[in-house]
Structures are given as C-alpha cells and as structure tokens.
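Observations on the three-dimensional arrangement
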Amino acid sequence: MSFFEIENLSLSFGGVKAVDGVSFSVNQGEVFTIVGPNGAGKSTIFNMISSFYAPSEGRIRFEGADITDAKPDEISRLGIARTFQNIELFEHSTLLQNLLIGREIHNKVPLWRQILFDPGVRRAEFEHRRQVEDVIDFLELAHYRNERIANLPYGVRKKIELGRALCVAPQLLLLDEPASGLNPEETEEMGFWIDDIKRDLGMTVLMIEHDMSLVNEVSDRVLALNNGRVITEGSAQEVQNHPDVVAAYLGGAA
C-alpha cells in the first residue's frame, strides 16, 4: 500500500482538460517532485489534493483511505498541509500570529471554554505556542518573531509560509514552487530546509518546482507533466534527459 496515491485523476475547465488521467504514488519519507512547463496541470493537481477543486474522474488516497471527497479542513486534520506559489500570509499580523494560525486546525476546545479561558484552555494554548516556537527555532526565525509580515523581505516571507504549514504538523507536506522568486542563495537555503524537514522532522514532501537546481538537490523521484498528462517518471537526471521532457520545455521535436 502506497503512503499517498493518485489514480487516473482528471479535471476539465470549459472543455479544456487541465489534468488528464494522471496517476502516481508517493512513498513515505521521500521527496517527490512534479515538474513541467506552465499550464501543465501541476497546481491543479495540488488544488484537487487540497479539495479546492473536485476531480471529474479518479481517486486520491492517503494512508489507504480514499480522501477524494474530503473537505479542505478535513484534509488538514488528516495530516496534509501545503504552501502556495503566491504567498498567502496576513500582512498586518506578526510572524508569531501567522504561525499560530497553522495550529488552529488542532484547536478542539469549545468556544464557551475559550471565552472562560479555563485551565484546560490555558494548557492547550501553551502547547500550541510551544509547537510554534519549535518551528521558529527550526527555521531560525526568532529574530523576526514579533515583526509584521508587511515589513519583511520576500525571502523571509517564503520561509514563514513554509513555517505556517509546518505548524499544522503534517505527515504529508505539499510545497507549491518553494523557490519561486528566490535568489540563488535563498534557493540553496530552501534546499537545506527541505532536506531537514525530510530527515529531522520525518515528513514526506510532495513538491512542484521549476528550479531544476533545487529539484536535483532534494528530489528522490520526479514526475514530468505536459498538457495535463504524465510524460515520464524517474530520477531527476533521467527525467531531465528524457526527449519528450526536452521537447515540452524547448518546443518542437526533441
């Protein structure tokens, strides 16, 4: 049984098939990367996994359970978290406040008890804060703890977006172009964090990425898409050298 599996997934928009019969599986503890040119269907797959879109065909399974029809909040509670290609942070809140939002999915205390702020609520809040502080330390963000997001540089915001997903404490982490907009030094640093997330936190990573230096550095396996269909799957080097992948990126016949 695969840790995470997509089987014959398809979705159309206005008669155009954005994803066409895509199947793949992800093993626990690996970094699995999806590559492909713009419009290949990569982010659409992530949006179906996150239940933002409902597939027209196919199934999604996580730890053997069918999660195709689960709601977005249920996906998070099952242990799947994601980042976004375009940073989705609350700009007028602090880093700490943004990361605490990542813990909200674990808040099981009734509203009336939260209003009373009884000892049980205080203990739960302390635990949420401890989990967030662990992520702050892990990503070396302590210097920015009380800074508003609007005052922070882009590279730091990308790391905070990653941190908020880690605060969900997922088993499967979806990274949507984590190197997008980063300079070479920041991209290299992102590679270090992904390696640490896999090795030290024991998380499985499913990633979309265009930067092939990062793909080569962190990926255990790579899947290439074009026009919503799978081209090939293998190691990063095998996928990059595949003639159909070369044709998809460069155009024309390989």
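In the block above lies the structure referred to throughout.
These notes cover the structure that comes with them.

What counts and how
Residues numbered from 1 in each chain as written. Predicted model: local features only at pLDDT ≥ 70, side-chain atom pairs only at ≥ 80, totals over all residues. Heavy atoms only, no water. 1 Å grid on protein atoms, 1.4 Å probe; cavity = no way out; pocket = protein on both sides within 12 Å on 5 of 7 lines; lining within 4 Å. Points joined across faces, edges and corners; volume = space filled by probe spheres on them. Helix = DSSP H or I, 4+ residues; strand = E, 2+ residues; numbered from the N terminus. Nonpolar A, V, L, I, M, F, W, Y, C, P; charged D, E, K, R; others polar. Expected span 1.5 Å × (residues − 1). Buried < 20%, exposed > 50% of the residue type's maximum accessible area, 1.4 Å probe, protein only.

**Some details on empty space enclosed by the protein**
In this approach the atoms are scanned with a rolling probe the size of a water molecule, which exposes any empty space left behind. Inspection of every chain in the model, using the stated rule, returns 1 cavity of 30 Å³ or more. Here the largest cavity is characterised by a volume of approximately 60 Å³. In terms of lining, the largest cavity is formed by Thr83, Phe84, Lys158, Glu161, Leu162, Leu175, Asp176, Pro178 and Met190. Of all the secondary-structure elements, those providing two or more residues to the lining of the largest cavity are helix 6 (154-167) and strand 7 (172-176). No other element matches the 3 residues that helix 6 contributes to the lining of the largest cavity. When its residues are assigned to classes, the lining of the largest cavity shows 5 nonpolar, 1 polar and 3 charged.

**Describing helix 6**
In this model helix 6 runs 20 Å from its N-terminal to its C-terminal C-alpha over 14 residues, within 8% of the 20 Å that 1.5 Å per residue would give. Helix 6 sits mainly inside the fold: 13 of its 14 residues count as buried.

**Some points on unusual backbone geometry**
For Asn8, which is not a glycine, the phi torsion comes out positive at approximately 55°. In this fold, Asn8 is placed in strand 1 (residues 4-13). Owing to a relative accessible area of 37%, Asn8 belongs among the partly exposed residues under this scheme. Positive phi values are uncommon outside glycine, yet Glu63 reaches one of about 50°. Position of Glu63 relative to the elements: it lies in the loop between strand 4 (57-62) and strand 5 (65-66). Taking relative accessible area as the criterion, Glu63 reaches 40% and is therefore assigned partly exposed.

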